[in-house]
Amino acid sequence: DDVQFPPLDNANLTLAEQLRDAGYATAAFNNTSYFNHTAGFFQGFETVVEEYGFKAEVGPTVERINQYLSAREADGQPFFLWSHLMEPHDPYRDLTEPRDFGHSRVDQYDEEVARADAALSSILRHINEMSRARPVITFVFADHGEAFGEHGVYHHSFDLHDEALRVPLIVRGPGITPGARHALSSLMDLNPTVLNLAGRDVGTQVSGRSLVPALYRTMPEGLTPAGWRRHLYAEVTPDGIFPAEQRSLYAPPFKIIFDVRRGTWELFDISRDRGEVTNLFDDR
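Residues numbered from 1 in each chain as written. Predicted model: local features only at pLDDT ≥ 70, side-chain atom pairs only at ≥ 80, totals over all residues. Heavy atoms only, no water.

Asks: Hey, could you go over the overall build of the protein for me, with residue numbers and the actual values?
Replies: Broken down by element type, the protein carries six helices and eleven strands. What you see for the protein is a C-alpha radius of gyration of 20 Å, in line with the 19 Å of a compact globule of 284 residues. C-alpha extents for the protein along the principal axes are approximately 65 × 45 × 40 Å. The buried share of the protein, taken over its 284 residues, is 40%. Counting contacts in the protein only where the partners sit at least 6 residues apart, residues at least 24 apart contribute 53% of the total. Across the protein, the 26 positively charged side chains and the 42 negatively charged ones have centroids separated by 7 Å. (Helix = DSSP H or I, 4+ residues; strand = E, 2+ residues; numbered from the N terminus. Rg over C-alpha atoms; globule rule 2.2 N^0.38 Å. Buried < 20%, exposed > 50% of the residue type's maximum accessible area, 1.4 Å probe, protein only. Contact = heavy atoms within 4.5 Å. Lys, Arg positive; Asp, Glu negative; His and termini not counted. Charge placed at Lys NZ, Arg CZ, Asp CG, Glu CD.)

Structure below.
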């Protein structure tokens, strides 16, 4: 029942709207009804199916996605499909299938991630088959990480240490050479990246930048495309439920965090201290 986000005004132009107006079929399938609490959230999606509840069984959602993909196989219309699987989100279940890691909270979280991975497998196989006949670009990403007491907090929405900020971003498509990319990136980059790949102009000022140069130009480890960003900002703000307020600047090899409510600073050399254990602020 938590409505944590303001409604989306009709004047805002969403990614789904831009692709729909460009002739794409647009669809969203989620195993949660969380997003429909926010008015206007699904602007631009022609088909929206959400399972009732915060974290419903994922099977029906996977089946609907595969049915949608099957219908697209014989249809030359381009399509944009988005799905949010809630498996890894708390509350964690103590699962035994497809993996049993143990009974601690982090074990249960790993079991939920394994469940999400298994759920995705049939969808990815389906997309792989489709890719033989038409170009399909797939993005797999998470919206946040999860803390397990590394810095005194659990879950997310409370701080900006890397257990909350660093998330997977996996892209597969025609001409994209497999391998790691080292360009500093943000989930806000997904909007201009998708539009770029679709041959569409962003049309308005956005916070992200297209990842196409990073995706299609393999660089030696530690190097990024010329002119690429050298830093990222992040913040967590009070939303009416969680009171935390922090801001951070990520500028490799350093990362700095300011806790607004406490007035405290943390500085880490993330090239040597990936776990953000040693606060260098007083020394540096």
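The discussion continues.
Asks: Help me get a handle on the packing of aromatic side chains, residues and values and all.
Replies: For the structure shown, the criterion picks out 17 aromatic pairs. Ring centres of Phe45 and Phe80 lie 6.0 Å apart, and the angle between their planes is 20°; on these two criteria the pair is classed as stacked. Of this pair, Phe45 sits in the loop between strand S1 (25-30) and strand S2 (47-50) while Phe80 sits in strand S3 (residues 79-84), and the two are 35 residues apart along the sequence. Since its relative accessible area comes to 15%, Phe80 is described here as buried. (Phe/Tyr/Trp six-rings, centres within 6.5 Å; stacked < 30°, edge-to-face > 60°.)

Asks: Run through the sheet that holds strand S8 (residues 232-236), naming residues and quoting values.
Replies: Taken together, the four strands give an open sheet; going across it, the order is S8-S9-S10-S11, and neighbouring strands pair in antiparallel fashion. Looking along the sheet, the strands with just one partner apiece sit at the ends: S8 and strand S11 (264-269). Averaged over neighbouring strand pairs, the angle between their axes works out to 15° when direction is ignored. Note: S8 against strand S9 (residues 246-251), five bridges, orientation antiparallel. Residue pairing in the sheet places Leu232 in a bridge with Tyr250 of S9. (Pairing = 2+ DSSP bridges. Axes fitted to C-alpha atoms, helices over the stretch in contact; angles between N-to-C directions.)

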